[in-house]
Amino acid sequence: MEDSENDKNLMIVEAVEGYACNHNMKPCEVFLLFRNNGIIDLLRSQYKTLHTQSMEESIYFVEDILRRVLDAK
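Think of each chain on its own: its residues are numbered from 1, step by step along the sequence as written. Confidence filtering applies because this is a predicted model: local features only for residues at pLDDT of at least 70, side-chain atom pairs given and counted only at 80 or more, and all residues used for totals across whole chains, interfaces and linings. By convention in this description, side-chain values take in all heavy atoms of the structure and omit both hydrogens and water.

(A) Fine view of the overall build of the protein. Counting from the N terminus, the helices are DSSP H or I runs at least four residues long and the strands are E runs at least two residues long. A tally of regular secondary structure across the protein gives five helices and zero strands. What you see in the protein, going N to C, is helices and strands ordered as α-α-α-α-α. Computed over its C-alpha atoms, the radius of gyration of the protein comes to 12 Å, within 12% of the 11 Å expected for a compact globule of 73 residues. Structurally, the protein occupies a C-alpha span of about 35 × 25 × 20 Å along its principal axes. Across the 73 residues of the protein, 29% fall into the buried class. We call two residues in contact when some of their heavy atoms are within 4.5 Å. Taking the contacts inside the protein whose residues are at least 6 apart along the sequence as the reference set, 59% of them involve residues at least 24 apart. Every radius of gyration here is taken over C-alpha atoms, with the globule rule written as 2.2 Å times N^0.38, N being the number of residues. Only protein chains enter the accessibility calculation, which uses a 1.4 Å probe; a residue is then buried when its area is under 20% of its type maximum, exposed when over 50%, and partly exposed in between.

Okay, here's the thing in structure tokens:
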């Protein structure tokens, strides 16, 4: 596996754990929430931009996108 793939995976884990902490959820619940709503794919596709930001900024990005996705359902 390339280093960039490892970095993307690490960013996803950090986003899951950060979201879980902010929303008092279990990481496994957040992972399923992200997977079922396309957030993991979105994080992977936006890695080049997101890895230049703080983890808090990335979590805010995820929260905003997830809110929009869930509101649209």
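Picking up where we left off.
(B) Layout of unusual backbone geometry. In this model, Asn-24 sits at a positive phi of 50°, which is unusual for a non-glycine residue. Inspection of the secondary structure puts Asn-24 in the loop between helix 1 (3-22) and helix 2 (27-36).

(C) Spatial organisation of the packing of aromatic side chains. Each Phe, Tyr or Trp ring, with Trp reduced to its six-membered ring, pairs with another whose centre is within 6.5 Å; inter-plane angles below 30 degrees give stacked pairs, above 60 give edge-to-face pairs, and intermediate values give tilted ones. Inspection of the entire model under this criterion finds one aromatic pair. With centroids separated by 5.3 Å and ring planes inclined at 70°, the aromatic side chains of Tyr-19 and Phe-34 adopt a geometry described as edge-to-face. You can see Tyr-19 sitting in helix 1 and its partner Phe-34 sitting in helix 2, a full 15 residues away along the chain. One exposure class covers both Tyr-19 and Phe-34, and it is buried.

(D) The side chain of Lys-8, seen in detail. Following the sequence through the fold, Lys-8 ends up in helix 1. The exposure class assigned to Lys-8 is buried, which follows from its relative accessible area of 18%. Excluding its chain neighbours within four sequence positions, the residues that come into contact with Lys-8 are Arg-44 and Tyr-47.

(E) Seen up close, the pattern of salt bridges. One speaks of a salt bridge when a side-chain nitrogen belonging to Lys or Arg is within 4 Å of a carboxyl oxygen belonging to Asp or Glu. Following the criterion strictly, the structure yields four salt bridges and no others. In this structure, Arg-44 and Glu-5 form a salt bridge, with 2.1 Å as the shortest nitrogen-oxygen distance. One end of the pair, Arg-44, is in helix 3 (residues 39-45); the other, Glu-5, is in helix 1, and 39 residues separate them in sequence. Of the residues examined, Arg-44 reaches a relative accessible area of 23% and is grouped as partly exposed. For Arg-68, the salt bridge is made with Asp-64, and the minimal N-O distance between the two is 3.1 Å. Highlighted residues: Arg-68 and Asp-64, both in helix 5 (residues 55-72), separated by four residues, approximately one helical turn. For Arg-68, a relative accessible area of 55% puts it in the exposed group. A relative accessible area of 27% places Asp-64 in the partly exposed class. Residues participating in the shared-partner salt-bridge network are Glu-5, Lys-8 and Arg-44.

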